[in-house]
Amino acid sequence: MAKAIAAARNGITHTWTNPVVGAVIVKNNQLLATGYHHRFGEMHAEINALSHLQNIEDARDATMYVTLEPCSHYGKTPPCAKRLVEVGIKRVVIGQQDPNPQVSGHGIAILKAANIDVTVLNITDDLNVAYNFFYRHKRPLVTLKYAMSIDGKLNDGSGKRTLLTGKPAYHDSQNLRLHQQAILIGETTLAVDDPQLTVRETTPDFPPIRIVLVNRADDLDFSSALFQTTTPIWLLTRHSTVRQDWPATVKVFVDAHWKPETIMEFLYQKGVQSLLVEGGAHIQATFSAADLADRLIVYVSPLLLGGNGLPAVSGSGRTQPLAYRVTATTALGKDTRFDLRRQ
Ligand code: AOF
Ligand code: ZN
């Protein structure tokens, strides 16, 4: 299974919205073939592993270790579970049951009905954290990311962007985007920071969708950096738009009551499994007030802003404190990154 997990990892960032999956085929204590799901829409891991056998006859009476329950449905490819039956696999060891309701339990049922010996280990959930979360909770996994001063401020209160973190933290925060299916900011952040919200150091197969929550989309300035790049932009706006000249990258979604809960429902319907919320203070406060900040990534700069600085999470009430668990602390030059998970 460790080899199947290692193979699965090769697919990371290439398979969205599918999971990463790895598989190995073993017979007489010998590793005969390894495979993984390379890219969205391509062969599943099990079929990829079978394709690496010298002879398909070698599959007869062999054991397959696969990180996810073999599929049972006709999607972009035919069902893997049926193929494993056809080629005579004798035993299947599964890392985790598939949470996708189209498959969940049905793949295992197909194998068992063909008298294949099936074992489910429940040890590979961490390979597809957002994928699992999405199907289990019917909403995307939300990560709140922000940089703050050592006294918890986003800026010095001057209304301008305050440079808080150094280069290593900047590069690190860029790379976070690579693993997210969507990024969300509010219109104040758009105006103050003028961000591109793109992944710049590599070219991802699936650049995250850039979502901006705005009051009136018609008031937006197309000369901002966001509109100069080609990845999709979804504008969630509270007022209908009369504008006709939207760039081709832009889609406008109108709802008078956009709030974290309705955004979650919307993204669930759209199949978005992970969302990175990049601020600002008010958006962060509304997501945490709704207890929708599943994970936090906080870059702390050793700068004390004091005085009129804007608290990192502020502008929306919350009565109960929310407990998080620190999962990692990382030194990034002069700054420190804290990773936290809601308990
Ligand atoms: C994968 N790769 O190796 C396995 C998957 O749209 P399709 O036909 O590619 O099917 C995607 C679903 O198939 C996915 O959500 C999961 O339930 C199942 N298994 N998917 O992309 C794989 N084994
Ligand atoms: Zn499959």
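If you're wondering where the values come from, they're calculated on a predicted model, not measured in any experiment.

1. Topic: the overall build of the protein
Point 1. On a plain count of helices and strands, the protein comes out with nine helices and 14 strands.
Point 2. Overall, the protein is about 70 × 45 × 40 Å in size when its C-alpha atoms are taken along their principal axes.
Point 3. For the protein, buried positions account for 42% of its 343 residues.
Point 4. Pairs at least 24 residues apart make up 69% of the contacts formed inside the protein by residues separated by at least 6 positions.

2. Things to note about the domain arrangement of the protein
Point 1. Once the domains are mapped, the protein shows domain 1 (1-128) and domain 2 (138-342).
Point 2. On a C-alpha basis, the centres of domain 1 and domain 2 stand 36 Å from each other.
Point 3. Counting residues at the interface gives four residues for domain 1, matched by eight residues for domain 2.
Point 4. The class makeup of the residues in the side of domain 1 that touches domain 2 is one nonpolar, three polar and no charged.

3. Overview of the environment of Y65
Point 1. Here Y65 is to be found in strand β3 (residues 63-66).
Point 2. Y65 sits 237 residues away from P302 along the chain, and the two C-alpha atoms are 48 Å apart.
Point 3. Residues within four places of Y65 in sequence aside, it is in contact with M1, A4, A23, V24, V26 and V93.

4. Quick look at the sheet that holds strand β10 (residues 250-254)
Point 1. Strand order in the open sheet formed by nine strands is β10-β9-β8-β7-β11-β6-β12-β14-β13, with mixed pairing between adjacent strands. Each edge of the open sheet carries a strand with a single partner, namely β10 and β13 (324-332). For this sheet the average axis-to-axis angle between neighbouring strands, irrespective of direction, equals 20°.
Point 2. Two elements, strand β12 (residues 295-301) and strand β14 (residues 335-342), share six bridges in a ladder whose sense is antiparallel. Residue pairing for β14: L296 is matched across the bridge by L340.

5. So, the site of ligand 1
Point 1. The full set close to ligand 1 counts 16 residues, and N18, V21, H44, G75 and N100 are the nearest of them.
Point 2. Of the residues contributing to the shell around ligand 1, the split by class is seven nonpolar, seven polar and two charged.

6. A few points about the sheet that holds strand β5 (residues 117-120)
Point 1. Strand order in the open sheet formed by five strands is β2-β1-β3-β4-β5, with mixed pairing between adjacent strands. With one partner strand each, in any of the chains shown, β2 (30-36) and β5 form the two edges of the open sheet. Taken pair by pair, the neighbouring strands of this sheet meet at an average axis angle of 15°, ignoring direction.
Point 2. With four bridges connecting them, strand β4 (residues 91-94) and β5 associate as parallel partners. Residue pairing for β5: R91 is matched across the bridge by D117.

7. Overview of the confidence of the model for the protein
Point 1. With 100% of its residues at a pLDDT of 70 or more, the protein has an overall mean of 94.
Point 2. Reported confidence for the predicted complex is 0.90 by ipTM and 0.94 by pTM.

8. Let's talk about the pairing of strand β9 (residues 233-237)
Point 1. Of all the five residues making up β9, five are buried; the element is thus mostly covered by neighbouring parts of the structure.
Point 2. Alternating residues of β9 divide into I233, L235 and T237 and W234 and L236, and every residue in both groups is buried.
Point 3. Looking at chain direction, strand β8 (residues 209-214) and β9 are connected through five bridges and run parallel. Directly across from R210, in β9, lies its bridge partner I233.
Point 4. Examined bridge by bridge, β9 and β10 share five bridges and lie parallel to one another. In the sheet register, L235 faces β10, and the bridge partner there is V252.

9. What to know about the UniProt feature "binding site: Zn(2+)" (unreviewed entry) in the protein
Point 1. When the UniProt feature table is mapped onto this chain, "binding site: Zn(2+)" (unreviewed entry) is found at H44, C71 and C80. Spatial clustering of the annotated residues is evident: they stretch over 37 residues in sequence, but the largest pairwise C-alpha distance comes to 8.9 Å.
Point 2. Its location among the elements puts H44 in the loop between β2 and α2 (45-51).
Point 3. Using a count of 27 C-beta atoms within 10 Å as the deciding quantity, one classes H44 as buried.
Point 4. With respect to the helices and strands, the residue C80 is situated in helix α3 (residues 80-86).

10. Here we look at helix α9 (residues 281-289)
Point 1. The buried fraction of α9 amounts to seven of the nine residues, a majority that puts the element mostly inside the structure.
Point 2. Regarding α9, the residues found buried are A281, I283, Q284, A285, T286, F287 and S288.
Point 3. Check the buried side of α9 and you find it contacts β6 (141-149), β7 (182-186), β8, α8 (260-270) and β11 (274-277).
Point 4. Two residues or fewer past α9, D291 is found with a positive phi of approximately 55°.

11. Describing the UniProt feature "active site" (unreviewed entry) in the protein
Point 1. Within this structure's numbering, the places UniProt gives as "active site" (unreviewed entry) are E46.
Point 2. Relative to the helices and strands, E46 is located in helix α2.
Point 3. Setting aside anything within four residues of it in sequence, one finds E46 in contact with A23, M64, V66, P70, C80, R83 and L84.

What counts, and at which threshold
Within each chain, residues carry numbers counting from 1 in the order of the written sequence. Whichever chain is written first becomes A and whichever ligand is written first becomes 1, with later ones labelled in order. Selection of residues for local features in this predicted model requires a pLDDT of at least 70, selection of side-chain atom pairs for listing and counting requires 80 or more, and totals for whole chains, interfaces and linings are taken over all residues. Strands here are runs of E lasting at least two residues and helices are runs of H or I lasting at least four, both read from the DSSP assignment and numbered beginning at the N terminus. Any residue surrounded by 20 or more other C-beta atoms within 10 Å of its C-beta is treated as buried, while 12 or fewer makes it exposed and the intermediate range makes it partly exposed; C-beta atoms here are placed from the backbone. Note on contacts: each residue gets a C-beta atom placed from the backbone, and two residues are in contact if those atoms are within 7 Å. A domain assignment, automatic or from a database, supplies the domain bounds used here. Residues are grouped as follows: nonpolar covers Ala, Val, Leu, Ile, Met, Phe, Trp, Tyr, Cys and Pro; charged covers Asp, Glu, Lys and Arg; every other residue, Gly included, is treated as polar. Whether two strands pair depends on DSSP finding at least two bridges between them. The angle between two axes is taken between their N-to-C directions and runs from 0 to 180 degrees, where each axis is a line fitted to C-alpha atoms and a helix contributes only its stretch in contact. Nearness here has a simple definition: the residue's C-beta atom, placed using the backbone, must lie within 6 Å of the molecule or strand. A residue's pLDDT is the predictor's confidence in that residue, given on a scale from 0 to 100. UniProt positions are given in the numbering used here, feature names are shortened, and annotations may be inferred rather than shown by experiment.

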